[in-house]
Amino acid sequence: MITNAVVPVAGLGTRLLPATKSQPKEMLPVGKRPVVQYVVEELARNGISRILLITGPGKTSIENHFDVDPVLIRHLRETNKEELLAELEFERADVRFFYTRQKMQRGLGDAVLHAEEFAGHEPFAVALGDSIIGRHAQSLALSHMKEVYLAQPCAAVVAFEEVAADQVQHYGIADPATPPGDGEAFMIRDLIEKPDPAEAPSRLAVAARYIFSERIFAALRETRPGKGGEIQLTDAIRLLIRGGERVLGVKLPPGERRYDIGNFESYFKAFLDFALFDPEYGPELREYARGLLGEGR
Ligand code: G1P
């Protein structure tokens, strides 16, 4: 059973300024909910019951968001807005939260290293706090990754999504050793963080979800600063492979996308997608968008 997950949320979000000047990017709304709420709901849906958030300066609104807020609840009751209590149901999810702060901004690998005591000797999931998987986070991809991990000996299972050739420099890219079929796990021979398109071994991009054995921590301790001068999680996985460990990849199922909130282009796309297909507001919004796009364009 894999019931622990680590959610790094310490990144500064500089690519989303000014929106992120005084609020974390993980708290930006995509449709009705902040990004990190989708991530937590996805984890809960996939059997995770303990979540460690790796935070940093300016991230306390994330902690507040997952607290039960009796003052707000009382206010809604007293002002006859009880129907809004349904919007706070997520506070009751069967999940325990843990928080720790990354001391310095030394990269994603360093952030994950802060989870060592939390994870203990158990395998655990990592879900990047600025990426939603599947529309409205309905994805069961993580459950599939857990099954893959438990079915065959390996040190890590990593989620992948195929991206356009001009996008490979934004992601960790796999060199698959076996064919990456839909639904089937494949072996990874190498993993390169944000390669130039000319040097990318494939278009298979790391899609923000991972399962690790505790052996990732030893690899992270050995990992020297890489791309951007940061300790890269990708480089630690690479060390595992070089040390003879098996690392497996799983492609997100067809129809499930990774929504990356790290830059405005992908954030706007995610917002548009979630709003246009919101169960309540979607039909009206699609009508509005059709009118807008039809106007003199
Ligand atoms: C991180 C990882 C990268 C991965 C990406 C999306 O990059 O370093 O390998 O492909 O997340 O999952 P970041 O978006 O933090 O720059």
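Residues numbered from 1 in each chain as written. Predicted model: local features only at pLDDT ≥ 70, side-chain atom pairs only at ≥ 80, totals over all residues. Heavy atoms only, no water.

Enquirer: Summarise the pattern of salt bridges; cite the residues concerned and give the values.
Expert: Within this structure, the stated rule accounts for 19 salt bridges. A salt bridge links glutamate 42 to arginine 209, with the nearest nitrogen and oxygen atoms 2.8 Å apart. Linking glutamate 42 in helix 1 (residues 35–45) with arginine 209 in strand 11 (residues 204–212), this pair joins segments that are 167 residues apart in sequence. For the residue pair glutamate 42 and arginine 209, the accessibility class agrees, reading buried in each case. Salt-bridge contacts for arginine 258 lead to glutamate 161; the nearest nitrogen and oxygen are separated by 3.4 Å. A residue pair is termed long-range when its members are at least 10 positions apart, and arginine 258 in strand 13 (residues 258–260) and glutamate 161 in strand 8 (residues 156–162) qualify at 97 residues. For arginine 258, a relative accessible area of 5% gives the class buried. Note on glutamate 161: relative accessible area 15%, which makes it buried. Each of Lys32, Glu87 and Glu280 takes part in a single network of salt bridges with overlapping partners. (Salt bridge = Lys/Arg side-chain N within 4 Å of Asp/Glu carboxyl O. Helix = DSSP H or I, 4+ residues; strand = E, 2+ residues; numbered from the N terminus. Buried < 20%, exposed > 50% of the residue type's maximum accessible area, 1.4 Å probe, protein only.)

Enquirer: An account of the packing of aromatic side chains is requested, with residue identities and associated values reported.
Expert: Throughout the structure, instances matching the rule amount to 13 aromatic pairs. Centroid distance phenylalanine 97 to tyrosine 99: 6.4 Å. Interplanar angle 15 degrees. Geometry classified as stacked. On the basis of relative accessible area, phenylalanine 97 is assigned to the partly exposed category, the value being 24%. Of the residues examined, tyrosine 99 reaches a relative accessible area of 30% and is grouped as partly exposed. Its end group placed over the ring of phenylalanine 277, arginine 135 keeps NZ or CZ at 4.0 Å from the ring centre. (Phe/Tyr/Trp six-rings, centres within 6.5 Å; stacked < 30°, edge-to-face > 60°. Lys NZ or Arg CZ within 6 Å of the ring centre and 35° of its normal.)

Enquirer: Please provide a residue-by-residue account of unusual backbone geometry, values included.
Expert: With omega at 5 degrees, the peptide bond leading from leucine 17 into proline 18 counts as cis. Of note, the phi angle at asparagine 80 is positive, near 55 degrees, even though the residue is not glycine. Structurally, asparagine 80 is set in the loop between helix 3 (70–78) and strand 5 (96–101). With a relative accessible area of 67%, asparagine 80 lands in the exposed category. In this model, alanine 208 sits at a positive phi of 70 degrees, which is unusual for a non-glycine residue. In this fold, alanine 208 is placed in strand 11.

Enquirer: I'd like a description of helix 7 (residues 215–222), backed by residues and values.
Expert: Within the sequence span of helix 7, burial applies to Ile216, Phe217, Ala219 and Leu220. Looking straight down helix 7, one finds that the buried residues subtend no more than 165 degrees of arc, so they occupy a single side. Where helix 7 is buried, its residues touch helix 4 (108–113), helix 5 (116–119), strand 6 (124–127), strand 11 and helix 8 (233–242). (Arc of directions from axis to C-beta. Contact = heavy atoms within 4.5 Å.)

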